[in-house]
Each structure stands twice: as C-alpha cells, then as structure tokens.
Amino acid sequence: MGFLKKLFGAKPVASTPPVDKPDNSLSTGDISVEDVRSNKSDNGEAILNLWYETNRVYISGLRGKVYIANGDDASMLKFLQSRANQDWKEARTYPVPEAVKSDVKLMLDAGDLDGGKHCMLSSLEMMGGYPALFRDIFKKVPSGSYTFNSSNVMMCVTPLVKDQNGNLSVQIDNVTKL
C-alpha cells in the first residue's frame, strides 16, 4: 500500500485561489489575466504560463495564467520564464482533459491492480502533447483588444512535481521549443 501512496500521492494539495492585482488585471471570470504592457495603448498579445502537476509518472492537474504583453518573442519568453517559479501559486487550477487520459493497470508481484484513467507522462506525446493537454485552457482565454491565436501560442510549460507528502515544487529540467 505504501507503493500506491508514493505513486499516487498521499493527500491532495489544496489550491490557492488566484489573487489578481487590481491595477493591471482584467476581469474574465474563468482565467486569470494580467496586463503587463508598459504602455496600455500599445498592441498586445496574450501569452500563457502553464503548469502541470505530476508525481513523475502521471499528470494530476493543470494550472494556467494569461498575460497581455508586447515585445519580441525572446523578451516575452524570458518574462514567462521569470514568472514561472512564483505565479503557479496564484494561477487557476484545471482538471486534466479526458482526451489525454488512458486506462492504466498497475503490475505488482501480488497481481494486477486497476489504476484507473490517468494522463501518463510517458504517453503524453502520443496523446497530442502539450497542445492537447492545455487545449481547454486555450479555449478559456477571453477575446479582447489583443492578439491571441490558439494554434500558435507563446507559452512556457513548467512541471510542478509532487513529493510523497503532496507538496509541490517547480521542476525545470530542460527547455522544449514547440
């Protein structure tokens, strides 16, 4: 039983509701949006910081935050990366879409145990990768006086690794360009 607790986590992590900054946040209802443009009259683009919660075997939850920014791609990506270590704490949480889950069976010495439906890290690419994993969050980005193209999103994806006590920590192993 200790193996299952380590694999699937001992207790759920309580999510912290987002705290929007009143002077530069937009009221959207479903997703946290922060306008970080230095000049609000400049054209802006919706860029996303996205996180997935994992125990290194499967993905158990998603988080997302949208920023309205401007500048070149390199500076916007640098901005997202600089905020990834802290903003996950105030980002909204979302469930893992059923479309990226598969039936999982656990094999133990005593026999098979049904593991249920999970989004396995090892099969994420086969299930559509990050675009499929975060598709529902893309759909929640509100329309506005800024550019947003869900098929060509500027985003930073960061894993949040859950330890055996259910505590989350940012885990940056590598950078993948989509």
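A quick note: this is a predicted structure, and the numbers were derived from the prediction, not measured.

Colleague: Would you mind showing me how to read the pattern of salt bridges here?
Modeller: Any two side chains of opposite charge can pair if their charged atoms end up close together. Inspection of the entire model under this criterion finds eight salt bridges. Of the charged contacts, one joins Glu-34 and Arg-83 as a salt bridge, the two residues approaching to 3.0 Å between their closest N and O atoms. Placement of Glu-34 in strand β2 (residues 33–35) and of Arg-83 in helix α2 (residues 73–87) is noted, with a sequence separation of 49 residues between them. With respect to burial, Glu-34 and Arg-83 carry one shared label: buried. Here Asp-35 and Lys-40 are joined by a salt bridge, their closest N and O atoms 3.9 Å apart. Among the charged side chains, a network of salt bridges with common partners joins Glu-34, Lys-65, Arg-83, Asp-87 and Glu-90.

Colleague: What is the right way to look at the confidence of the model for the protein chain in this model?
Modeller: Note: predicted coordinates in regions of low pLDDT should not be interpreted at a detailed level. Per-chain confidence: the protein chain averages 79 in pLDDT, with 75% of residues scoring 70 or above. Summarising per-element confidence for the protein chain, the mean pLDDT is lowest in helix α1 (residues 2–8) (36) and highest in strand β3 (residues 45–54) (95). Between residues 1–28, whose pLDDT stays under 50, and residues either more than four places distant or in other chains, the model counts 46 contacts.

Thresholds applied
Residues numbered from 1 in each chain as written. Predicted model: local features only at pLDDT ≥ 70, side-chain atom pairs only at ≥ 80, totals over all residues. Heavy atoms only, no water. Salt bridge = Lys/Arg side-chain N within 4 Å of Asp/Glu carboxyl O. Helix = DSSP H or I, 4+ residues; strand = E, 2+ residues; numbered from the N terminus. Buried < 20%, exposed > 50% of the residue type's maximum accessible area, 1.4 Å probe, protein only. pLDDT = per-residue confidence, 0-100. Contact = heavy atoms within 4.5 Å.

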